[in-house]
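If you want the building blocks of each chain, they are given just below.
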2 protein chains.
Amino acid sequence: MLIKNMSVEECRGALARIGFGRLACAQNNQPYIVPIYFAYEPDHLYGFSTVGQKIEWMRSNPRVCVEVDEVISHFQWKSVIIAGRYEELPDTSEYSSERLQAQTLLEKRYLWWQTAYTANQLRRRKKRAPPLFYCIHIDHMTGRSAVPDSVELRVPL
Amino acid sequence: MLIKNMSVEECRGALARIGFGRLACAQNNQPYIVPIYFAYEPDHLYGFSTVGQKIEWMRSNPRVCVEVDEVISHFQWKSVIIAGRYEELPDTSEYSSERLQAQTLLEKRYLWWQTAYTANQLRRRKKRAPPLFYCIHIDHMTGRSAVPDSVELRVPL
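It should be emphasised that the depicted structure is a prediction, and the values quoted were computed from it without experimental measurement. (Residues numbered from 1 in each chain as written. Chains lettered and ligands numbered in written order. Predicted model: local features only at pLDDT ≥ 70, side-chain atom pairs only at ≥ 80, totals over all residues. Heavy atoms only, no water.)

Let's talk about the overall build of chain A
Applicable threshold: By the criteria applied, helices consist of DSSP H or I runs no shorter than four residues and strands consist of E runs no shorter than two, each listed in order from the N terminus. Relative accessible area decides the class of each residue, using a 1.4 Å probe on protein chains only: under 20% of the type maximum gives buried, over 50% gives exposed, and in between gives partly exposed. Two residues qualify as a contact provided that any one of their heavy atoms is within 4.5 Å of a heavy atom in the partner residue.
The helix and strand inventory of chain A stands at four helices and eight strands. Beginning at the N terminus, the succession of helices and strands in chain A can be written as β-α-β-β-β-β-α-β-β-α-α-β. Taking all 157 residues of chain A together, the buried fraction comes to 52%. Pairs at least 24 apart in sequence give 73% of the contacts found in chain A among residues at least 6 apart.

Some remarks on the nonpolar core
Nonpolar side chains tend toward joint burial in soluble globular proteins. Convention followed: In this text, buried Ala, Val, Leu, Ile, Met, Phe, Trp, Tyr and Cys residues form a nonpolar core when linked through side-chain atoms within 4.5 Å.
A:Leu15, B:Leu15 and B:Leu23 are the most contacted members of the largest nonpolar core, which has 66 residues in total. Setting aside residues up to four positions removed in sequence, B:Leu15 forms contacts with B:Phe38, B:Tyr40, B:Val68, B:Val80, B:Ile82, B:Ile138 and B:Met141. A:Tyr95, A:Leu105, A:Leu106 and A:Cys135 belong to the second-largest nonpolar core, a separate cluster that totals 10 residues.

Description of the confidence of the model for chain A
Residue and element names in this part refer to chain A. Condition: Values of pLDDT, which run from 0 to 100, indicate the predictor's confidence residue by residue.
Mean pLDDT over chain A: 86, with 82% of residues reaching 70 or higher. Least confident of the elements in chain A is helix α4 (residues 114-123), whose mean pLDDT is 58; most confident is strand β2 (residues 20-27), at 97. Taken over the whole predicted complex, pTM reads 0.87, whereas the ipTM for its chain interfaces reads 0.85.

Looking at unusual backbone geometry
All names here are of chain A. Backbone geometry places Asn29, a non-glycine residue, at a positive phi of 65°. On the secondary structure map, Asn29 appears in the loop between β2 and β3 (30-37). The residue Asp43 is not glycine, and still its phi comes out positive at about 75°. As for its position among the elements, Asp43 is in the loop between β4 (39-41) and β5 (44-50).

Some points on helix α1 (residues 8-18) of chain A
All names here are of chain A. We count it as follows: To obtain the arc, one takes the directions from the helix axis to the C-beta atoms.
Looking at α1, one finds that the buried residues are Cys11, Ala14, Leu15 and Ile18. Looking down the long axis of α1, one finds its buried residues gathered within 95° of arc, a one-sided arrangement. Contact partners of the buried residues in α1: β2, β4, β6 (63-73), β7 (76-89) and β8 (131-147). Immediately beyond the C-terminal end of α1, within one or two residues, lies Gly19, with a positive phi of roughly 65°.

Examining the state of the cysteines
Selection criterion: Pairs of cysteine sulfur atoms within 2.5 Å are what we label disulfides.
According to the stated counting rule, one finds zero disulfides over all chains in the structure shown. Free of any disulfide, A:Cys11 has its nearest cysteine sulfur in A:Cys65, 13 Å distant.

Points about the pairing of strand β8 (residues 131-147) of chain B
Residues and elements named next belong to chain B. Applied cut-off: A pair of strands is labelled paired if DSSP reports no fewer than 2 bridges between them.
Where strand β1 (residues 2-5) meets β8, four bridges bridge the pair, whose relative direction is antiparallel. By the bridge assignment, Lys4 is partnered in β8 with Ser145. With seven bridges joining them, strand β5 (residues 44-50) and β8 adopt antiparallel strand pairing. Paired with Ser49 across the strands is Leu132, a residue of β8. Both strand β7 (residues 76-89) and β8 contribute to a ladder of 13 bridges, which runs antiparallel. Across the sheet, Lys78 pairs through a bridge with Ser145, a residue of β8.

Here's the deal with the environment of B:Arg85
All names here are of chain B. Of note, Arg85 is situated in strand β7. Once the C-alpha coordinates of Arg85 and Asn61 are considered, the two residues, 24 residues apart in sequence, prove to be 8.8 Å apart. Among all residues touching Arg85, those that are not within four sequence positions of it are Pro62, Val64, Cys135, Ile136, His137 and Asp139.

Listed below in structure tokens is the structure:
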């Protein structure tokens, strides 16, 4: 397998195509990871969630990391790692245009609402949490991709 | 889709079977995620790596999170989240039996060495980093699984 660094354009292409990844936040230097669906546009990811541990942690510490990968085999994969900052998009007039943009981009991805909705189902007995939109501002992004070399191409996968 | 909390036994079964996930570490409350291969035994994950950002960060802050998932469709998935502590297994007599145990467990998983080896390839021009074994001690573990409900079973996936 040969690994190379991905260009910014290759990273952007992967983010736009995949739309699914893992987000890490941290509190008191304890990290926490959750899978997320997102919509990408240059320098931003938009997401949708209900209030839970990750939202509470990101409210207190907006520094996050998002990892997005596409694994075809052990020898053929892409992985993009983003360092970014969380910003909540509250339901106020100040944020109305950005919320609309987030919602429009997210609705283009089928079933994007399922994860947040069903997480909400689990919490209903206690208290029904209001849904919210958020934005991850991308501060830094790197990517690596791997392709099989000639020996590995002869190995059954 | 119906979501339920997984039992400890179900979490253990998923970790033993999947052997691949994402590890987050943090420095100055900035999280960082990387994909990892691991071998599971109760209360521990064993991994193999070369020295890089994740190892340097875990040496300075051993608090980590590992997320392991298995996604069959939007409606059918499992996700296990672990909060744990990193411990390096140096090549000394004190750690020899634990290193051997880690190596034996990891060798049972085919191609486990590929990721670390090829990451090393990228660094060769600067300095060849020595390989190392590590252990993640599991402090806390939760899991959720989803199954389609009757309406979703009629939706083509």
